[in-house]
Amino acid sequence: MSSEFFSSLFSNAWSSVLMVLFFGGSIFVHELGHFLAARWRGVKVTRFSICFGQAIWSHVAKDGVEYRLGWIPLGGYVALPQLADMAAIEGGSEATEPLPPLSYTTKVIVFAAGAFFNVLFALVLATIVWFVGQPTISDVETTQVGVVQPTLTLPDGKTVPSPAIEAGVLPGDKVVSVDGTKVNDFDDIMTNIFLGHGRTEDGRRKCNLVIERSGKTLALTLYPRLVSDEKVRFVGIEPAQDLSVESVSAGDPAQRAGVRAGDRIVAIDGTPVYVRSTVSDRLAENPKRATEFTFLRDGKEIKIPILPRLTKDERTQKDVFRVGIRYNDPVVIIHPTPFAQISESAMGMFRSIDAILSPGSDIGLSKMSGPIGIAREFHRQAQLDFRRVLWFTILININLAIFNLLPIPVLDGGHILFATIGKIRGRALPVNLIAAAQSIFIVLILSMMLYVTVFGDLRRWASDSRAEAETTGAANDSGQIAPQPAKP
């Protein structure tokens, strides 16, 4: 068998180990929070289970607690007969003797402890990421627009002018806010547009951008279009790229002209440029004359004319005109504070919930990810960098914490709601009422998970597989083996 096969096998196995360790660990930490809080408050515990359903493995300790691993990987639970009767869901857990009632404070502490431990776990991982750094692409660490697409292709194949071009957005504009929310990078911009739910009186999708241009602040109204198989909101803008020079090839035109490492391209023939493809396009348009590059060096602009040379692209084997500049590596390491990481994850979750509940948005359950989608994303992040796995685990834990505190029966927030209603009315809600509500909502939640898996995870998987096959075929036709750092 080929070395590529064993490399792929090891890579997939390593991704699986990381997924079990961090995703399974996130569930374990959540249930451990309930378990330790229950022990602290003197609550009887009959079972500690990771996953639902019948047991794959089970062990009863001397203290009478059954520790088990279930078949259905949709979470986990700690069986607490004094707090909630979840026998139908948890697999038959039941108390064998009458137990004293618990105080309202104890109920809230135990039910909220799972989410609290998820946040603590996320804080520990975020602190690690703060020290070791988080790999990201330099392109997204900007709010500057690099490309304004003239047209967009809709899912039905129709080509229309892009909302950005219609609104007058220009390359070089810096986006300050989207729909009143301040943005810190291009991910923020795209996410806020994607999750937006603005509508005009006649039902058109609407998005308000505040941009900075030449020192002036402008307010623009855009009308997003739905694009791709996912049918998500898009306005037709792409981020500016880092055009800093990492190195110049010995003997090539750029070196002979005096270009140095650290110089940054700001204009070609007097016209500002913001993406690398523009530089290559300009060289191809005027290959037989010297192109005037404007570089930023030590805070000052310098103009250097460079005559490109004809060379063969190592990937496509096609003749291209280049000057011998290699750009900085697009992968950069950032060190966001733990608070910034956690608050960003929390705000993203709140914005997603708001978008799902808003009748004006284009976000539905099919846009969400279930266990399969989460597993695929763990695998993807593991292929990129171990530190990306830490970042994704932080996101998962914050999402778990917020989701579990929603006031929905079966979830921790639902139990807190029942306890709060009982506290207000002076007596606990009828057991039959709570059991009925839990039964109804467990069916609804399982149905939602099935819908998300079939119409979300599996559909995206199939779509991604088709796109990957098409990309691989195109790459093979052109002789491209793997993407390489760009250089003009």
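The residue count restarts for each chain, going from 1 along the sequence in the order it is written. The predicted origin of the model limits local features to residues at a pLDDT of at least 70 and limits the giving and counting of side-chain atom pairs to 80 or more, whereas totals for whole chains, interfaces and linings rest on all residues. Neither water nor hydrogens contribute to the side-chain values; these are computed over all heavy atoms in the structure.

1. Quick notes on the overall build of the protein chain
Numbering of helices and strands runs from the N terminus; a helix is a DSSP stretch of H or I covering at least four residues, while a strand is a stretch of E covering at least two. Helix and strand counts for the protein chain stand at twelve helices and 23 strands. Here the protein chain holds 488 residues, and the buried ones make up 41% of them. To be clear on the numbers: accessible area is Shrake-Rupley with a 1.4 Å probe, and residue cover counts the displayed protein chains and nothing else. By element, 61% of the accessible surface of the protein chain is carried by carbon and sulfur atoms, the whole surface being about 25700 Å². Relative accessibility decides the category of a residue: with a 1.4 Å probe and only protein chains considered, values under 20% of the type maximum give buried, values over 50% give exposed, and everything between is partly exposed.

2. Describing the sheet that holds strand β18 (residues 291-297)
Two strands make a pair as long as DSSP finds a minimum of two bridges between them. On the basis of which strands lie adjacent, the open sheet formed by four strands has the order β17-β16-β18-β19 and antiparallel pairing. Across the chains shown, the open sheet's two edge strands, defined by having one partner strand only, are β17 (271-272) and β19 (300-306). Strand direction decides the pairing type here: strand β16 (residues 264-268) and β18, joined by four bridges, are antiparallel. Bridge pairing links Ala267 to Thr294 in β18.

3. Some details on the pattern of salt bridges
Take a side-chain nitrogen of Lys or Arg and a carboxyl oxygen of Asp or Glu: if they are within 4 Å of each other, that pair is a salt bridge. Per the stated rule, a full pass over the model turns up 15 salt bridges. Note that Arg297 is salt-bridged to Asp263, the shortest N-O span being 2.7 Å. A residue pair is termed long-range when its members are at least 10 positions apart, and Arg297 in strand β18 and Asp263 in the loop between α6 (253-257) and β16 qualify at 34 residues. Asp263 shares its class with Arg297; the two are buried. One network of salt bridges, with partners in common, ties together Arg199, Arg205, Arg233 and Asp362.

4. Some details on the packing of aromatic side chains
Each Phe, Tyr or Trp ring, with Trp reduced to its six-membered ring, pairs with another whose centre is within 6.5 Å; inter-plane angles below 30 degrees give stacked pairs, above 60 give edge-to-face pairs, and intermediate values give tilted ones. Here the structure, examined in full by the defined rule, presents twelve aromatic pairs. Between the aromatic rings of Phe35 and Phe48, the centroid separation amounts to 5.4 Å while the plane-to-plane angle is 80°, which identifies the pairing as edge-to-face. Linking Phe35 in helix α1 (residues 3-40) with Phe48 in strand β1 (residues 47-60), this pair joins segments that are 13 residues apart in sequence. The pair Phe35 / Phe48 is uniform in exposure class, with both members buried. A cation over an aromatic ring shows up here: Arg41 above the ring of Trp40, its NZ or CZ 5.4 Å from the ring centre. Geometrically, a charge over a ring is one whose NZ (Lys) or CZ (Arg) sits within 6 Å of the ring centre while staying within 35 degrees of the ring normal. It is Arg204 that lies over the ring of Tyr223; its NZ or CZ is 4.0 Å from the centre.

5. Some details on the nonpolar core
Take the buried Ala, Val, Leu, Ile, Met, Phe, Trp, Tyr and Cys residues and link them wherever side-chain atoms come within 4.5 Å; each set so joined is a nonpolar core. Counting residues in each nonpolar core, the largest one holds 40 residues, and the members touching the most others are Phe22, Val43, Val45, Leu80, Leu83, Val110 and Phe378. Of all the secondary structure elements, the ones that give two or more residues to this core are α1, β1, α3 (104-132), α8 (338-357), α9 (371-384) and α10 (386-404). Residues count as neighbours in contact if any of their non-hydrogen atoms are within 4.5 Å of one another. For Phe378, the residues in contact, after removing those within four places along its chain, are Met19, Phe22, Phe23, Val389, Phe392, Thr393 and Ile396. One finds Val145, Ala164, Ile189 and Leu222 within the second-largest nonpolar core, a separate group that totals 17 residues.

6. Comments concerning the packing of α9 against α10
In this analysis, axes come from line fits to C-alpha atoms, helices being fitted only over the stretch in contact, and the angle between any two N-to-C directions falls in the range 0 to 180 degrees. Across the interface, α9 lies against α10 with an axial gap of 8 Å and an inter-helix angle of 150°. It follows that α9 is roughly antiparallel to α10 by the angle criterion. Along the contact surface, α9 presents Ile374, Glu377, Phe378, Gln381, Ala382 and Leu384, while α10 presents Arg388, Val389, Trp391, Phe392, Thr393 and Ile396. Along the lines of polarity and charge, the residues of the contact of α9 with α10 split into eight nonpolar, two polar and two charged. In this scheme, roughly parallel covers angles under 35 degrees and roughly antiparallel covers those over 145, while 65 to 115 is roughly perpendicular and the rest are oblique. Throughout, the ten residues Ala, Val, Leu, Ile, Met, Phe, Trp, Tyr, Cys and Pro are labelled nonpolar, Asp, Glu, Lys and Arg are labelled charged, and all others, Gly among them, are labelled polar.

7. Comments concerning a nonpolar patch on the surface
Note on patches: the residues involved have over 30% relative accessible area and no salt bridge, like charges join within 9 Å, and the nonpolar side chains Val, Leu, Ile, Met, Phe, Trp and Tyr join within 5 Å. A cluster of nonpolar residues, Ile356, Leu357, Leu365, Leu450, Tyr451, Val454, Phe455, Leu458 and Trp461, forms a patch on the protein surface that exposes about 840 Å² of accessible area. Breaking the nonpolar patch down by element, the ones donating at least two residues are α8 and α12 (431-478). In terms of residue count, the dominant contributor to the nonpolar patch is α12 (six residues). Structurally, the position occupied by Tyr451 is in helix α12.

8. Here we look at the packing of α3 against α10
Two numbers describe how α3 lies on α10: the axes approach to 8 Å, and their chain directions differ by 155°. Looking at the two axes, α3 sits roughly antiparallel to α10. For the crossing formed where α3 meets α10, the hand is left-handed. Taken together, the residues of α10 that come into contact with α3 (itself represented by Ala115, Asn118, Val119, Phe121, Ala122, Leu125, Ala126, Ile128, Val129 and Val132) are Arg387, Leu390, Trp391, Thr393, Ile394, Asn397, Ile398, Leu400 and Ala401. Considering only residue class, the contact of α3 with α10 consists of 15 nonpolar, three polar and one charged. Rotating anticlockwise by less than a right angle from the far helix to the near helix defines a left-handed crossing, while the corresponding clockwise rotation defines a right-handed one.

9. Focus: α3
With 29 residues, α3 extends 42 Å between its outermost C-alpha atoms, agreeing within 8% with the 42 Å of an ideal straight helix rising 1.5 Å per residue. Looking only at α3, the buried set comprises Thr106, Val110, Phe111, Ala113, Gly114, Ala115, Asn118, Phe121, Ala122, Leu125, Ala126 and Val129. Under the convention used throughout, the expected extent of a helix is 1.5 Å for every residue step, that is, one less than its residue count.

10. Here we look at the environment of Glu344
With respect to the helices and strands, the residue Glu344 is situated in helix α8. The class for Glu344 is partly exposed, based on a relative accessible area of 47%. When the C-alpha atoms of Glu344 and Ile398 are compared, they prove to be 9.7 Å apart, with 54 residues separating the residues in sequence.

11. What to know about the side chain of Arg460
Of note, Arg460 is situated in helix α12. In protein, a polar contact requires one atom able to donate a hydrogen and another able to accept it; more generally it is a pair of N or O atoms within 3.5 Å, and residues adjacent in sequence count only if both atoms are side-chain atoms. Among the polar contacts made by the side chain of Arg460, one reaches the main-chain carbonyl oxygen of Met368 at a distance of 2.5 Å. Not counting the four nearest positions on each side in its chain, Arg460 is found in contact with Glu230, Ser366, Lys367, Met368, Ser369 and Arg376.

12. Examining helix α7 (residues 276-285)
Taken as a whole, α7 has its buried residues at Arg276, Val279 and Leu283. With its buried residues spanning 60° around the axis, α7 presents them on a single face. Those residues of α7 that are buried lie in contact with β16, β18, β21 (319-322) and β22 (325-327). The arc in question is the one spanned by the directions pointing from the helix axis to the C-beta atoms.

13. Focus on the environment of Asp362
Considering the arrangement of structural elements, one finds Asp362 in the loop between α8 and α9. You can call Asp362 buried: its relative accessible area is 16%. With residues near it in sequence (within four places) discarded, Asp362 still touches Gly196, Arg199, Arg205, Leu226, Arg233 and Lys367. Polar contacts involving the side chain of Asp362 include one to the side chain of Arg205, which spans 3.0 Å. Here Arg233 takes part through its side chain, which lies 2.7 Å from a polar atom of the side chain of Asp362.

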